[in-house]
Amino acid sequence: SSFRAQYGVKIHSKEFKEMRWDEFVDLLSGLGPETPLGRIVAIRLEDDKNILKQFTKEQRRIRNEWRLKKAKSVKPEEMGKVLDGFKNAFIQMAGGAKPLKMKD
């Protein structure tokens, strides 16, 4: 629906099916924030605490599902950094000491 909203191209059309890959990539990367896909990407990437407080239940679900999927794809050797990041976030939220240095 994003391609149709922004470019007027139906994804089940002959025009779309015959589109070259590089043209598709250009169009995809040019999708604006007011398209359905653009809105979902914005929800997934939002980190502003004030904006997150205003999220609807559905927006929270979209963001949480994405973050869970990303967390499951973390390689074991990167897990230490991820856990340190979570620890630091909780310490800061609790008004604790300055963040701990991340391990390499």
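Residues numbered from 1 in each chain as written. Predicted model: local features only at pLDDT ≥ 70, side-chain atom pairs only at ≥ 80, totals over all residues. Heavy atoms only, no water.

(A) How the structure looks around the side chain of Thr35. Among the structural elements, Thr35 can be located in the loop between helix 3 (21-29) and helix 4 (36-45). One polar contact links the side chain of Thr35 to the main-chain carbonyl oxygen of Gly32, over a distance of 2.8 Å. (Helix = DSSP H or I, 4+ residues; strand = E, 2+ residues; numbered from the N terminus. Polar contact = N/O pair within 3.5 Å; in protein donor to acceptor, adjacent residues only side chain to side chain.)

(B) Broad picture of the pattern of salt bridges. Under the defined criterion, the tally for this structure stands at 5 salt bridges. Of the charged contacts in the structure, one is a salt bridge between Arg63 and Asp47, with a shortest N-O distance of 3.2 Å. Of the two residues, Arg63 is situated in helix 6 (residues 57-72) and Asp47 in the loop between helix 4 and helix 5 (49-53); the sequence distance between them amounts to 16 residues. Look at Asp47 and you get exposed, because its relative accessible area is 56%. Where Arg61 meets Glu58, a salt bridge forms, and the shortest distance between an N and an O atom there is 2.4 Å. Of the two residues, Arg61 and Glu58 are both situated in helix 6; the distance of 3 residues between them amounts to about one turn of the helix. Classification of Arg61 by relative accessible area gives partly exposed; the value is 35%. On the accessibility criterion, Glu58 (42% relative accessible area) is partly exposed. Connected via shared salt-bridge partners are Glu58, Arg61 and Glu65. (Salt bridge = Lys/Arg side-chain N within 4 Å of Asp/Glu carboxyl O. Buried < 20%, exposed > 50% of the residue type's maximum accessible area, 1.4 Å probe, protein only.)

(C) Representation of the packing of aromatic side chains in the model. The full count for this structure, using the stated rule, is 5 aromatic pairs. With 5.5 Å between their ring centres and 10° between their planes, Phe3 and Phe24 make a pair best called stacked. Placement of Phe3 in helix 1 (residues 2-7) and of Phe24 in helix 3 is noted, with a sequence separation of 21 residues between them. Among the residues examined, Phe3 registers a relative accessible area of 8% and is labelled buried. Through successive ring pairs, a cluster of aromatic residues spans Phe3, Tyr7, Phe16, Trp21 and Phe24. (Phe/Tyr/Trp six-rings, centres within 6.5 Å; stacked < 30°, edge-to-face > 60°.)

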